[in-house]
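So you can see what is in the structure, the chains are spelled out below.
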Amino acid sequence: MSLQIGVPRETYAGEKRVATVPDVVAKLVKLGFRVAIESGAGDAANFPDDAYRAAGAEVMPTAAQLWATSDIVFKVRPPTPAEVALMRAGGMLVDFIWPAQNPELMQQLAAKQATVLAIDALPRQLSRAQKMDALTSMAGISGYRAVIEAANAFGRFFNGQVTAAGKIPPAKVFIAGAGVAGLSAIGTAANLGAIVRANDTRAEVADQVVSLGGEFVKVDYEEEGAGGGGYAKVMSEGFQQAQREMYAREARASDIIITTALIPGKPAPKLITAPMVESMKPGSVIVDMAAEQGGNCELTEPGKAVVKHGVTIVGYTDLASRLATQSSTLYSNNLLRLTEELCKTKDGVVNVDMEDDAIRGLTVIKDGAITWPAPPLKLPPPPPPRPAVAPPPKAKGHGEPSGPMPVGKTAVLFGVAAVLFLLVGRYAPASFLAHFTVFVLACFVGYMVVWNVKPALHTPLMSVTNAVSSIIAIGALVQIAPDLSALPAGVTRPNELIRWLAVAAIALATINMFGGFAVTKRMLGMFRK
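These figures come from a predicted structure and were not determined experimentally.

Basis of the calculations
Residues numbered from 1 in each chain as written. Predicted model: local features only at pLDDT ≥ 70, side-chain atom pairs only at ≥ 80, totals over all residues. Heavy atoms only, no water. Helix = DSSP H or I, 4+ residues; strand = E, 2+ residues; numbered from the N terminus. Buried < 20%, exposed > 50% of the residue type's maximum accessible area, 1.4 Å probe, protein only. Contact = heavy atoms within 4.5 Å. Areas by Shrake-Rupley, 256 points an atom, 1.4 Å probe, with all protein chains shown as cover. Arc of directions from axis to C-beta. Phe/Tyr/Trp six-rings, centres within 6.5 Å; stacked < 30°, edge-to-face > 60°. Pairing = 2+ DSSP bridges. Axes fitted to C-alpha atoms, helices over the stretch in contact; angles between N-to-C directions. Salt bridge = Lys/Arg side-chain N within 4 Å of Asp/Glu carboxyl O. Core = buried A, V, L, I, M, F, W, Y, C linked by side-chain atoms within 4.5 Å. Polar contact = N/O pair within 3.5 Å; in protein donor to acceptor, adjacent residues only side chain to side chain. pLDDT = per-residue confidence, 0-100.

Undergrad: Which parts of the structure should I look at to understand the overall build of the protein?
TA: Per the secondary structure count, the protein includes 16 helices and 17 strands. Per-residue burial over the protein gives 41% buried out of 529 residues. When contacts within the protein are restricted to residue pairs at least 6 apart in sequence, those whose partners lie at least 24 apart make up 61%. As displayed, the protein offers around 29000 Å² of accessible surface, 63% of which is attributable to carbon and sulfur atoms.

Structure below.
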């Protein structure tokens, strides 16, 4: 018999997200599951009950009825003790659990003989786990929303403008931490026209910062900061001191600071001190995305926006929930991909395969037994570095020295060439000499015209081919309509075969030129924001 997936209304204060949306309900039904949702669960995210009914879900009036009848429960926030009490024994829960921060909740769920999949425990190192990575989905939304909150609290434009009333400088935004949330914030602030600078302990993200329109600010201290699972690690005291000095400089120069620094299982590091806040310009804004874990700013008050020393410090802990429609859609898609991994037979029955690295990492409780933390992943060893291949020695002639040609040999070659030109000029017919002169000049002009074309609107290859096509078109036009008055006596106009060949050359060259512009336009369109 197929299992029932239940989606209750979130009870956490201010939480607007819902764990599944109508579009995903229809896909869960196709996998063989029955879907039930508590009445009003999607209202705050603009998903009414009627939309769920139309997708094939059963709408239940109370949370107690839903928890009691559901084999699997999808949630966003960790369940409260009252919700755990409603859960049926031996049921399954898929949710953000945060097992390191909620040991009591883990014990309560284990007492229910439950199987719990913590979506926050997904091993993010696995490339195939990216489709289930709800942390990344929510972090991207939070980074975007952090910039919107900063813009709301900031008293000026983000982009610079020149108006009749005066010149408006662009806002200066500093992003502390260039993970998923930080990169999302960088791209959003840059698109709004701000001058964006960012820092991260992981040097490898510098190129990503630049690609999104920001400038990477490097700490004047050499130390690698990459940790496991895509997070940063705790840095040495020397690095932290150099980092604080850099943050102090950026605080004085910035209008807006957005902090995103988090280390799994530890309180958020304090990056912005009270003296740094005091040094900022009046009207500046700090958005502390780590407020839920204590905050990166010493003056942050979690869940509130406060003004201290003339600086607005935003410590909201529900940034993703403030874009509930979008975040619910992405989160439900992550859970759908997880469900597909659990139900590969598409018969409405799940299989929690503890041999699967991704599923094993997610499973924090299995049939009442706590299985968290998961054992370390057995990642394949990196491929051995390829041995350096020495360049092949340059072939030399018999007795030929390497390097530039000797001066004496160059003089001899020029002398021989001069003698040949003298003989040609003295003994060759006048008509040949005229044609030869035109040929030499044509070679020189052709080389300069073709190879010196600047590839400003084309790739270099298209620039050269378009230049060649242009010369072909000009030559063909001369053959189609020659200046008969300039022809020597006794020379007739070109025959019809040559004229038709010229027409074909013009057609092909024109197609090549217009095709080059069309392809280039499409290529440029790929990079437009």
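Back to the text.
Undergrad: Please clarify how helix α5 (residues 103-111) should be interpreted in this entry.
TA: Because each turn of an α-helix spans 3.6 residues, side chains separated by three or four positions end up pointing in the same direction. Among the residues making up α5, those that are buried are Leu-105, Met-106, Leu-109 and Ala-110. Down the axis of α5, the buried side of the element spans an arc of 135°, and every buried residue falls inside it. Of the exposed residues in α5, those oriented more than 90 degrees away from the buried face are Glu-104, Gln-107 and Ala-111. Contacts from the buried residues of α5 go to α4 (81-86), β5 (92-95), β6 (115-118), β16 (363-366) and β17 (369-370).

Undergrad: Is there a simple way to explain the packing of aromatic side chains in this structure?
TA: For any pair of aromatic rings, geometry is given as the distance between the ring centres together with the angle between the planes. For the coordinates displayed, the defined rule picks out 5 aromatic pairs. Geometrically, the ring pair formed by Phe-96 and Trp-98 is stacked, given 5.9 Å between the ring centres and 15° between the ring planes. In this structure Trp-98 comes out as partly exposed when scored by relative accessible area, which is 35%. For the ring pair Phe-96 and Tyr-331, a centre distance of 5.5 Å and an interplane angle of 15° mean the geometry is stacked.

Undergrad: Mind showing me how you'd approach the sheet that holds strand β2 (residues 34-38) here?
TA: Strand pairing in a sheet takes place through backbone hydrogen bonds and is either antiparallel or parallel in direction. Taken in spatial order, the 8 strands of this open sheet run β3-β2-β1-β4-β5-β6-β16-β17, and their pairing is mixed. Two strands in the sheet have a free side with no partner beyond their single neighbour: β3 (58-60) and β17. One ladder, built from 3 bridges, connects strand β4 (residues 72-74) with β5; its direction is parallel. Its bridge partner lying in β5, Val-73 is registered against Leu-93. Seen against the sheet, α5 touches β5, β6, β16 and β17 and runs at an angle of roughly 40° to β16.

Undergrad: I'm lost on the pattern of salt bridges in this one. Help?
TA: When their charged atoms lie close together, side chains carrying opposite charge are able to pair. Per the stated rule, a full pass over the model turns up 25 salt bridges. Across the pair Asp-356 and Arg-128 runs a salt bridge, and its minimum N-O distance is 2.3 Å. Residue Asp-356 is found in the loop between α11 (324-342) and α12 (357-362), and its partner Arg-128 is found in the loop between β6 and α6 (134-153); the two are separated by 228 residues along the sequence. Judged by its relative accessible area of 12%, Asp-356 falls in the buried class. Each of Arg-128, Lys-131, Glu-341, Lys-344 and Asp-356 takes part in a single network of salt bridges with overlapping partners.

Undergrad: Quick question: what am I supposed to make of the sheet that holds strand β9 (residues 172-176) here?
TA: One open sheet holds the 7 strands; their spatial order is β11-β10-β9-β12-β13-β15-β14, and the pairing between them is mixed. Each edge of the open sheet is held by one strand with a lone partner, namely β11 (215-216) and β14 (305-308). Bridge count for strand β13 (residues 285-288) against strand β15 (residues 311-314) is 3 bridges, and the pairing is parallel. Its bridge partner lying in β15, Val-287 is registered against Val-314. Against the sheet, helix α9 (residues 237-253) makes contact with β9, β10 (195-199) and β12 (256-259), and its axis sits at roughly 155° relative to β9, the strand it touches most.

Undergrad: Would you explain the nonpolar core in this entry?
TA: Within soluble globular proteins, side chains that are nonpolar tend to cluster in buried spots. The biggest cluster of nonpolar side chains holds 49 residues, and the ones touching the most others in it are Ile-72, Phe-74, Tyr-331 and Leu-338. When residues of this core are assigned to their parent elements, the largest contribution, 6 residues, is made by α11. Excluding its chain neighbours within four sequence positions, the residues that come into contact with Leu-338 are Val-94, Leu-117, Ile-119, Met-132, Ile-359 and Leu-362.

Undergrad: Quick question: what am I supposed to make of the side chain of Thr-300 here?
TA: Relative to the assigned elements, Thr-300 resides in the loop between β13 and β14. Only 2.7 Å separates the side chain of Thr-300 from the side chain of Asp-288, close enough to count as a polar contact.

Undergrad: Could you clarify how one ought to interpret the confidence of the model for the protein in this entry?
TA: Detailed reading of predicted coordinates is not advised where the pLDDT is low. Looking at the protein as a whole, its pLDDT mean stands at 86, while 85% of the residues score no less than 70. Low confidence marks residues 397-402, where pLDDT is under 50. Its contacts with residues over four positions away, or in another chain, come to 1 contact.

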